[in-house]
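Chain by chain, the residues:
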Amino acid sequence: MKVITLTITLLMVAIHQVPSTLADVQNLAPVFNFTENIENAYQLAKRQSKPIVLVVHDTHCGACKSLRPSLIESHELRQLSRDVIMVQSLDGQDQVANAVNPDDNTYVPRIIFIGCNGKVFDSIFNVNQPKFKNYYTTAEDVIAGMEKAIEANKGISC
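Here the structure is a predicted model, which means the values were calculated and not measured.

It is worth spelling out the environment of Ser70 at this point. Here Ser70 lies in helix α3 (residues 62-73). Not counting the four nearest positions on each side in its chain, Ser70 is found in contact with Thr138 and Ala139. A distance of 2.8 Å separates a polar atom in the side chain of Ser70 from the backbone nitrogen of Ala139.

What follows is the structure in C-alpha cells.
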C-alpha cells in the first residue's frame, strides 16, 4: 500500500511540473530560431539581407499567454520565420530591444518589423489594432506583417 501511495504521489508531482497546455509555454525560443539580442539581429539582418521580427512579451502577461500558442501552432509562421531574423525580449531582458517602440507605448505583446537597414517599417502594423499598432493577437495577423516585411525589405539597401 505504501508503494502505491508513493507512486501516485510521484506521478502527481511529475504531472504538475509539465505545462498542461500550450498556454503555459512561457518562451517561444524552443520553437523559433531567435538570435541572441537586437544588436546581433541588426548585424545578421544586414549580412543576410533579411528583415527583423522583434517580439516583445512577458511571461505572466495574459495577452502574451493567449498569443504564444497561436504562434507555436502555426506551421506557416514557422516556415516564414526562416526568411527573417527573429529576436525576442522576454520579460524585458533586452533593454535595447525594449526601446524599439515606434508608437511610444509599453504594452505587450508587441511585434515590430524592422528592415535589414535597421529602420522600423512604420507602414507595417496590425490594421486590426488602430490604437495599439504593434499589438498582435493571432498568428494570421503576424503572418500578414511578416509577409509585408519580407516584401518591403526587397526594396531597401542593406
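Anyway, onward from the coordinates.
Here we come to the sheet that holds strand β2 (residues 85-90). The mixed open sheet is built from three strands, whose spatial order is β2-β1-β3. Taken across any chain shown, the strands that pair with only one partner, and hence form the sheet edges, are β2 and β3 (110-114). Within the sheet, the average angular offset between the axes of one strand and its neighbour, ignoring direction, is 15 degrees. As paired strands, strand β1 (residues 52-57) and β2 are joined by six bridges and run parallel to one another. Bridge pairing in β2 links Ile52 to Ile85.

Moving on, we come to the layout of surface pockets. Where empty space is left can be seen by rolling a probe of water-molecule size over the atoms. Within this model, the largest pocket holds a volume of roughly 200 Å³. Along the wall of the largest pocket there are 13 residues; nearest its centre are Asn33, Ser81, Val84, Ile85 and Met86. Taken together, the elements giving at least two residues each to the lining of the largest pocket come down to α2 (38-48) and β2. Among the residues making up the lining of the largest pocket, the classes are represented as six nonpolar, four polar and three charged.

Moving on to the pattern of salt bridges. Applying the stated criterion across every chain yields a total of one salt bridge. In this structure, Lys154 and Glu151 form a salt bridge, with 3.4 Å as the shortest nitrogen-oxygen distance. Here Lys154 falls in the exposed class, since its relative accessible area comes to 62%.

Counting across every chain of the model gives four aromatic pairs. Judged by centre distance (5.0 Å) and plane angle (75 degrees), the rings of Tyr107 and Phe132 are edge-to-face. Residue Tyr107 is found in the loop between α5 (95-98) and β3, and its partner Phe132 is found in the loop between β3 and α6 (139-153); the two are separated by 25 residues along the sequence. Overall, the relative accessible area of 30% leaves Phe132 in the partly exposed class.

What counts, and at which threshold
Residues numbered from 1 in each chain as written. Predicted model: local features only at pLDDT ≥ 70, side-chain atom pairs only at ≥ 80, totals over all residues. Heavy atoms only, no water. Helix = DSSP H or I, 4+ residues; strand = E, 2+ residues; numbered from the N terminus. Contact = heavy atoms within 4.5 Å. Polar contact = N/O pair within 3.5 Å; in protein donor to acceptor, adjacent residues only side chain to side chain. Pairing = 2+ DSSP bridges. Axes fitted to C-alpha atoms, helices over the stretch in contact; angles between N-to-C directions. 1 Å grid on protein atoms, 1.4 Å probe; cavity = no way out; pocket = protein on both sides within 12 Å on 5 of 7 lines; lining within 4 Å. Points joined across faces, edges and corners; volume = space filled by probe spheres on them. Nonpolar A, V, L, I, M, F, W, Y, C, P; charged D, E, K, R; others polar. Salt bridge = Lys/Arg side-chain N within 4 Å of Asp/Glu carboxyl O. Buried < 20%, exposed > 50% of the residue type's maximum accessible area, 1.4 Å probe, protein only. Phe/Tyr/Trp six-rings, centres within 6.5 Å; stacked < 30°, edge-to-face > 60°.

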